[in-house]
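# Structural overview for review
Spelled out, the chains give:
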Amino acid sequence: MPGWKHALTRIAHLGAVGAEETFDTLRYKMRQRLGRTDPVVIQAYRSFGTEDSMLVWGRVLEDEGLKPPTDRDSVWRNLLSTYRRFESDEVPGVRVRARYAGAEAEGVTDREGYFELYLHPTEPLPADRAWHSVALDLLDDVQPGRGPVRAEGPVLVPPPGAAFGIISDVDDTILRTNATSLLKMARLTFLGNAHTRLPFEGVAAFYRALRQGPTGEGEHPLFFVSSSPWNLYDFLVDFCDLRGIPRGPILLRDLGLDREKFIKASHHAHKLAQIQRVLAAYPALPFVLVGDSGQHDPEIYRQVVDDFPGRIRAIYIRDVTAEVRGTEVRRLADELAAHAVPMLLTKDSAEAAEHAAEYGLIHPDTLPDIRAEKAKDEAPPSDAEQLV
């Protein structure tokens, strides 16, 4: 690109970012001055860490009053809930404090209300749990008279006995989204909820088996990585809890004008960066990767194997596309065979589980439960599901 074109592009980018930052900050201050702000909450995201360093992240927002979903919610209510998720009113420039195990850290929310803090515990972590609740406090009194704003931030610290971790995609891997069709994906996203959205058959039982490992008694850490926006975080938490999918940190993407965000960052770059972040946090832990053929998961996972040699135990790719894509994935699988990393293109969770049992990743006794759950999930949809 010629120098003058690059300069103009850079100026336009900086102008867009600056305009967005100024607008967001002024909008909040104006609404605050007029007394038109809703109650402020800290939305703490499931995160991860080690005994020495714990990442705590979340967002400070005005409470949109979203009610828990039900399987009887109308299409209109689902649409309204989705609108409220995306029409979030962030609280920029306020201080947040995190405290746990003798450690304390403070930070300031960015222009979109996000914060990211690191804690370095000075006391031993409780040995009887993998999840730890970090106390979060809003230090600035942004709404005088409404009382303190607090939350608990859930942080996963894998137990010492974990033999491997699992990193899973979300869209068309655990949750049916039709990500290869923009119209179908939008219809499901805006008109459904955690009760009416469908999981892939047997996925919950398969993930429970992976979490328990080959002994059936382990607690292997599970991480979810997606290019979906953080606005859908509460929906994904509800969906996993309702469907019995094990808990894990959820790494999503911010929407914005930054070159690292929606307009500039690609699906490939975002997911690769988040996966690299997880693997770097646990340098001695190998991982199993689970994704689908619909977007770029096979190519991303292929690069992860190159970037982290010897760290990937197996890769499972759910086949959700046409045969021509299957041919591409099988070509990548042939390349990975040279690295002794099996990449399987599977039609369902039961097929992946059978390989995982043979490969020593899950206990063989879990296979009947996975097959049974797969059959149950394949049953005809309910009236509410058919309506959506």
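Relevant structure appears above.
Right, let's walk through the structure included here. On a predicted model such as this, the values are computed, not experimentally measured, just so you know.

Scanning the protein from N- to C-terminus turns up 11 helices and 14 strands. A buried classification covers 51% of the 388 residues belonging to the protein. Contacts in the protein between residues at least 24 apart in sequence constitute 72% of all its contacts with a sequence separation of at least 6. Counting every atom, the protein has about 18300 Å² of accessible surface; 54% of that belongs to carbon and sulfur.

What follows deals with the packing of aromatic side chains. Counted under the stated rule, the structure contains 13 aromatic pairs. Seen from their ring centres, Phe48 and Trp57 are 6.2 Å apart, and the 85° between their planes marks the pair as edge-to-face. In this structure Phe48 comes out as buried when scored by relative accessible area, which is 4%. Given the relative accessible area of 5%, Trp57 is considered buried. Through pairs of rings, three or more aromatic residues link up here, namely Tyr45, Phe48, Trp57, Phe223, Trp230, Tyr233, Tyr282 and Phe287. Between the NZ or CZ atom of Arg247 and the centre of the ring of Trp131, over which it lies, the distance is 4.3 Å.

Time to look at the sheet that holds strand β1 (residues 40-45). Taken in spatial order, the 3 strands of this open sheet run β1-β3-β6, and their pairing is antiparallel. The strands lining the two open edges of the sheet, one partner per strand, are β1 and β6 (114-119). With direction set aside, neighbouring strand axes in the sheet form an average angle of 30°. Here strand β3 (residues 54-62) pairs with β6 via 6 bridges, running antiparallel. Bridge assignment links Leu55 to a residue of β6, and that residue is Tyr118.

Moving on: the sheet that holds strand β12 (residues 287-292). Taken together, the 6 strands give an open sheet; going across it, the order is β11-β10-β9-β12-β13-β14, and neighbouring strands pair in parallel fashion. Two strands lie at the open edges of the sheet, namely β11 (250-253) and β14 (343-346), each paired on one side alone. Put simply, the sheet's adjacent strands are angled 15° from each other on average, direction ignored. By the bridge criterion, 3 bridges tie strand β10 (residues 222-229) to β11 in an arrangement that is parallel. Opposite Val225, over in β11, you have Leu251 as the bridge partner. Helix α8 (residues 323-337) contacts β13 (312-318) and β14 of the sheet and is inclined by roughly 160° relative to β14.

Another aspect to go through is helix α9 (residues 349-358). An α-helix turns once per 3.6 residues; consequently, residues spaced three or four apart project the same way. The buried count for α9 comes to 7 of 10 residues, which makes it a mostly enclosed element. Those residues of α9 lying buried are Ser349, Ala350, Ala352, Ala353, His355, Ala356 and Ala357. In the core, the buried residues of α9 are packed alongside α4 (203-212), β13, β14 and α10 (367-377). Its side-chain oxygen 3.2 Å from the backbone nitrogen of Ala350, Asp348 forms the N-cap of α9.

Moving on to the pairing of β14. Of the pairings in the sheet, the one linking β13 to β14 comprises 4 bridges and is parallel in character. When the sheet's bridge partners are listed, Arg318 is paired in β14 with Thr346. After leaving β13, the chain enters α8 and then returns to the sheet as β14, a path that is right-handed.

Each value, and the rule that gives it
Residues numbered from 1 in each chain as written. Predicted model: local features only at pLDDT ≥ 70, side-chain atom pairs only at ≥ 80, totals over all residues. Heavy atoms only, no water. Helix = DSSP H or I, 4+ residues; strand = E, 2+ residues; numbered from the N terminus. Buried < 20%, exposed > 50% of the residue type's maximum accessible area, 1.4 Å probe, protein only. Contact = heavy atoms within 4.5 Å. Areas by Shrake-Rupley, 256 points an atom, 1.4 Å probe, with all protein chains shown as cover. Phe/Tyr/Trp six-rings, centres within 6.5 Å; stacked < 30°, edge-to-face > 60°. Lys NZ or Arg CZ within 6 Å of the ring centre and 35° of its normal. Pairing = 2+ DSSP bridges. Axes fitted to C-alpha atoms, helices over the stretch in contact; angles between N-to-C directions. Polar contact = N/O pair within 3.5 Å; in protein donor to acceptor, adjacent residues only side chain to side chain. Right-handed = clockwise from strand over helix to strand, strands pointing away.

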